[in-house]
Amino acid sequence: MADQVKSDAEIADERNEYLNEEHLKGVIQKELDSALGWTGTRLAKSRRENLDYYFGNPRGDERDGRSGVSSRIVFEQVEALLPTLMEIFTSGAEVARFIPRTAEDEEGAQQATDACNYVFQQSNGFMCLYTFFKDALISKNGIVKVFWDTGVEGYHETYEGKTVEEVVLLEQDEDFEFREASAFIDMDGERMEVEDEQLEQLGPEQVEFLRFDIKGIRKPDDGKVRIENVAPENFVVNRDCTGLEDPSCRFAAQRTRATASQLVAWGFDKDIVKTLPTSNSMAATSTDNIIRASQDDGAPLLASNRSDSERTIDVIEAYILIDRDGDGISEWWRCMCAGTYAERLISADPCQGHPFASVTPVPVPHRFYGLGLADVVKDLEVLNTTLWRQYMDSLYLATDPRVIVLSQGQGDSAVPMANLDQLVDATPGGYIEEFAPGAIRNMETQTNAGDMVPAMEMHRTMVSERTGIGPESIGAPSPDSISKHVFGAMVQSSAAAQRLTMYARVFADTGVRRMFQLIYRTLLEHATKEFAIKLRGEWVPVNPGDWATNYDTQVSVGLGHGSRMEKVANLQTIGQVLEKLITGGATSMVTQENIYNTASSLIEALGFKDTSRFITDPATAPPPPPPEPTPAEQAIEAQTEIELMKIEVDRQRVEVDRYKAMVDAKRIELSHEVDIEKLRIEGDRELMEDKPWGIPGPPPPAPPPMPPTPPMPIEPDVDPALAAAIAQEVPGGGA
C-alpha cells in the first residue's frame, strides 16, 4: 500500500502540536517523573544517609544508659581528602589551559586561558571548587552551573542639586531608571520649588539657576559570567543518562526557589510573575533540608509568608532536547516552569545546550551517578560505631561498676541492708550506711579493651586501604610506618599518592574541564565587547570575538604536599646541573630560556603563583645596557673621533671654497649685467639727442654673450657659523 501523502492542513496541525505549550509542559513532567534524583527515589534516600553519617547524627538505635558515641569516619575521610584536592587544583597560576589547534590560534588560546582563569577567580572560584568537590565526596555527584547572569537586581540612587545639563546626561544613561524628580530654583541660597507646569514658563535667567533632585534605580544590564553550585538534591537528569556531555543526556533540570523580585530582574514580565503560585511551606521541609538544618537550630527552612515582591516561588529550570519545529531533529530548549511539579510554563527559548557540569570520585561505568567517598566507607563507620559503643560501655562499667547490695528476705518483701538513697548519690566524699558487714560490694567487671582496640585499628586499616587516605597520604606518617623499612614505607606512600592523584585526575577530566569549557562558551556567546582583566599587575584588554570556537581544554592538575616537595628537590637538582654546565664552559647547552623555565617552575612548586614577582622572563625583559669600554678601547674611540672631526673639517673647507667660487662668479655676472644696462641707457640717451622725432634710428649693437654661470646651491651643507665668517671675508658679502 502506497504511503499516504499528508495534506497541508495535517502538517500544520502537527506543527501546532509541536509548538503547543501544554505539549511541552507534559513532556517536561514525564521526564521529571522518571528522572534520577527526583523525590522519593532510592538515590535520594542514599544521599540523605550519607549526610547523616557525615554530620554524625544519631542512628536511631541508641539506648538509655548506654553509650551513644558515633564514629566519624565519613567526616574524617572527606575532610582529610579535601585539602589535598584543593591544593592540587588551586596551587598553580592556572587551573585550566586552552590548547590551540593551529599556529594562528596561539595568541587567541593564550588570551582565552587568561580570561577564563580570571573569570574563575573573580567568581569566588576557590569556594566553588570546594563545594563542588565536597558535594561529590558526600552525595555521589557534585554539580555546578555556569551561565551569563543579567538578572542584577537594581539599587536606589539619589542625586541632589543637578543642573539641566547633568540631568540630560543622566537620561542618556541606559542603566538608570527615573522614579522621582523635583525641580527648584536656587538663587542666593534660597530654594524655591517649581511645579511641573511652571517649567515651560521659566525665562532664560531663571533656567540658569534651575536645579533638580532625582531618585531612581540603577540596573546594570551588561551581565557577567556566574558559577553557581547546585545542591545535589535539587538536580535531576534523565534516568538513562551516562554523562552530561554524552549524547544520552536529553534532560537536565534544577529545582530552586526564587523571589518575585528576582524573576522580574531575570527578565520576566511582572504581570505574569504576579500570577505565579507562592511556594508551599511544606515543600520546603524535604528530608535533605531537615538534615542540613540539623547543624543549625534543628528547624528546617520554611517558605516565608511574604506577599510582596519578596514572596518565594518554586521554579524548575529545565533543559530538554525536543523537536518543536517538526523537522525530525531535536534541539535544546531552556524552559522555565513554576510550581513544584512544573504546573506553569513561564518561558521556552532555544539554547546551545545545558549549563551543568558534574564530578564524581568513583565513576560507575555506563551510569551517570557514581559512588561518593561516604558510600565507600559508611558500612565501616557502622561497624566502628558499634565497636566504640561496646568499648565505651565496658570502660564505663570498669571505672564505675555496678554494686551488689545484701538484703534479707526474697522478692517484694526483701529488705536491703544498706541505705539505697545514699548509694545512688555519687557525691565525692559522701557516705553510705551499711546495716550489716559486707552488705555492699562492687560487681567484678573486666574491660574488653584487649579485644576492641585491635579490632578498631583493623577497621582503620580497612578504611585507609579502601580510600587511599591515611596518615602517610596526607603528610603525617603514623608510628608504624616510621618503623617500617624505608623502601616499604616509600612504596606505601607512593601507592596512597596514586589513589589521590586518581581522584584528582577524574575530577579534572570530567567536571572541571567542562566547567571551563562552559566559561569559555559563555564568554564567546555573550561578551560581545572588549573588556579588561588584570594579569601580573597589568590591565590587559580581552576581546572574545578574536577567539576560535574549537580550542581543546587541558586542566592543570598540580601536586599534593608530599609530591610537591619531591618536585622541589628534583628542580633543585636540575638547577645544580645547569650551574655545573655553565661553569664548565658548556654554555651552548644552556640558554637564558632554560634557566628561566627552571627557576619559574621551582617558584611555582614552592606555592607562589605569580613568578613575575621574583624573576623576569628574558623574552619580555628590556635589552641589557652595553658594557663599559676598557681604557684602550676608550683611547681608540677618542682617536677615531678626532680623525672623523678632521675629515669633517676638511670636507666643510672644500664646501666653503666651492661656495666662495660660486659667490665670486655670481658677483662678476651681476657686475656684467650692470655694465650692459649702463651702455644701453647711454645709447638710448645719445640716440634721443642725435635723431629727430619720429625717425627711428639704427638698432643698438647687441651685447656681448654672457659667460655660463655655475648653479647656485639651495642649501649648502656648511656650518652656519663658518659660512657667516666667510661671508664677512668676501668683499661685498654679508649684510
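Our subject in this report is the structure included herewith. (Residues numbered from 1 in each chain as written. Predicted model: local features only at pLDDT ≥ 70, side-chain atom pairs only at ≥ 80, totals over all residues. Heavy atoms only, no water.)

## Notes on the sheet that holds strand β8 (residues 235-237)
The strand order across the open sheet formed by five strands is β8-β9-β10-β11-β12, and the pairing between neighbours is antiparallel. Two strands bound the open sheet, and with one partner strand each, they are β8 and β12 (344-350). Averaged over all pairs of adjacent strands, the angle between strand axes in this sheet comes to 20°, irrespective of strand direction. Where strand β11 (residues 331-338) meets β12, six bridges bridge the pair, whose relative direction is antiparallel. Within β12, the position partnered with Ala 338 by the bridge is Arg 344. Helix α2 (residues 21-34) contacts β8, β9 (251-259), β10 (312-322), β11 and β12 of the sheet and is inclined by roughly 95° relative to β10. (Pairing = 2+ DSSP bridges. Helix = DSSP H or I, 4+ residues; strand = E, 2+ residues; numbered from the N terminus. Axes fitted to C-alpha atoms, helices over the stretch in contact; angles between N-to-C directions. Contact = heavy atoms within 4.5 Å.)

## Considerations on the pattern of salt bridges
Scanning the entire structure with this criterion turns up 26 salt bridges. The shortest N-O distance in the salt bridge between Glu 655 and Arg 658 comes to 2.9 Å. Of this pair, Glu 655 and Arg 658 both sit in helix α19 (residues 631-690), three residues apart, which is roughly one turn of that helix. Residue Glu 669 pairs with Lys 666 through a salt bridge whose shortest N-O separation is 3.8 Å. Highlighted residues: Glu 669 and Lys 666, both in helix α19, separated by three residues, approximately one helical turn. Given a relative accessible area of 17%, Glu 669 falls into the buried group. (Salt bridge = Lys/Arg side-chain N within 4 Å of Asp/Glu carboxyl O. Buried < 20%, exposed > 50% of the residue type's maximum accessible area, 1.4 Å probe, protein only.)

## Some thoughts on the packing of helix α4 (residues 73-90) against helix α14 (residues 449-467)
With their axes 12 Å apart at the nearest point, α4 and α14 run at an angle of 40° to one another. As the angle between them shows, α4 and α14 are arranged oblique. Between α4 and α14 the crossing geometry is right-handed. In contact with Ile 73, Glu 76 and Gln 77 of α4, α14 contributes Arg 460, Val 463 and Thr 467. (Parallel < 35°, antiparallel > 145°, perpendicular 65-115°, else oblique. Left-handed = near helix turned anticlockwise from the far one by under 90°.)

## Focus: helix α12 (residues 373-399)
Across its 27 residues, α12 extends 37 Å between first and last C-alpha, which sits within 8% of the 39 Å expected from 1.5 Å per residue. The largest bend in α12 is about 30°, located at Asp 379. (Expected span 1.5 Å × (residues − 1). Bend = angle between axes of the 7 residues up to and from the residue.)

## Considerations on the pairing of strand β5 (residues 190-194)
Consecutive residues of a regular strand have side chains that alternate between opposite faces of the sheet. Relative to β5, strand β4 (residues 176-187) runs antiparallel, the two sharing five bridges. Considered in β5, the bridge of Phe 184 is made with Glu 193.

## Description of the environment of Asp 421
With respect to the helices and strands, Asp 421 occurs in helix α13 (residues 420-424). On the basis of relative accessibility, which here comes to 62%, the residue Asp 421 falls in the exposed class.

## As for the environment of Val 540
Mapped onto the secondary structure, Val 540 falls in strand β19 (residues 538-542). Taking relative accessible area as the criterion, Val 540 reaches 28% and is therefore assigned partly exposed. Along the primary structure Val 540 and Asp 114 are separated by 426 residues, whereas in three dimensions their C-alpha atoms are 9.6 Å apart.

## A closer look at unusual backbone geometry
The phi dihedral of Asn 124 falls on the positive side, at around 55°, and the residue is not glycine. Inspection of the secondary structure puts Asn 124 in the loop between α5 (106-122) and α6 (125-139). The residue Ala 342 is not glycine, and still its phi comes out positive at about 60°. Structurally, the position occupied by Ala 342 is in the loop between β11 and β12.

## Looking at the sheet that holds strand β2 (residues 142-149)
One open sheet holds the three strands; their spatial order is β7-β2-β13, and the pairing between them is antiparallel. Among the strands making up the open sheet, the edge pair consists of β7 (224-230) and β13 (356-359). Strand-to-strand, the axes of this sheet are offset by a mean angle of 25°, without reference to chain direction. Note: β2 against β7, seven bridges, orientation antiparallel. Note on β7: the bridge partner recorded for Trp 148 is Val 225. α6 rests against β2, β7 and β13 of the sheet, and its axis sits at about 25° to β7.

Without other data, these values stay purely geometric and don't point to any function.
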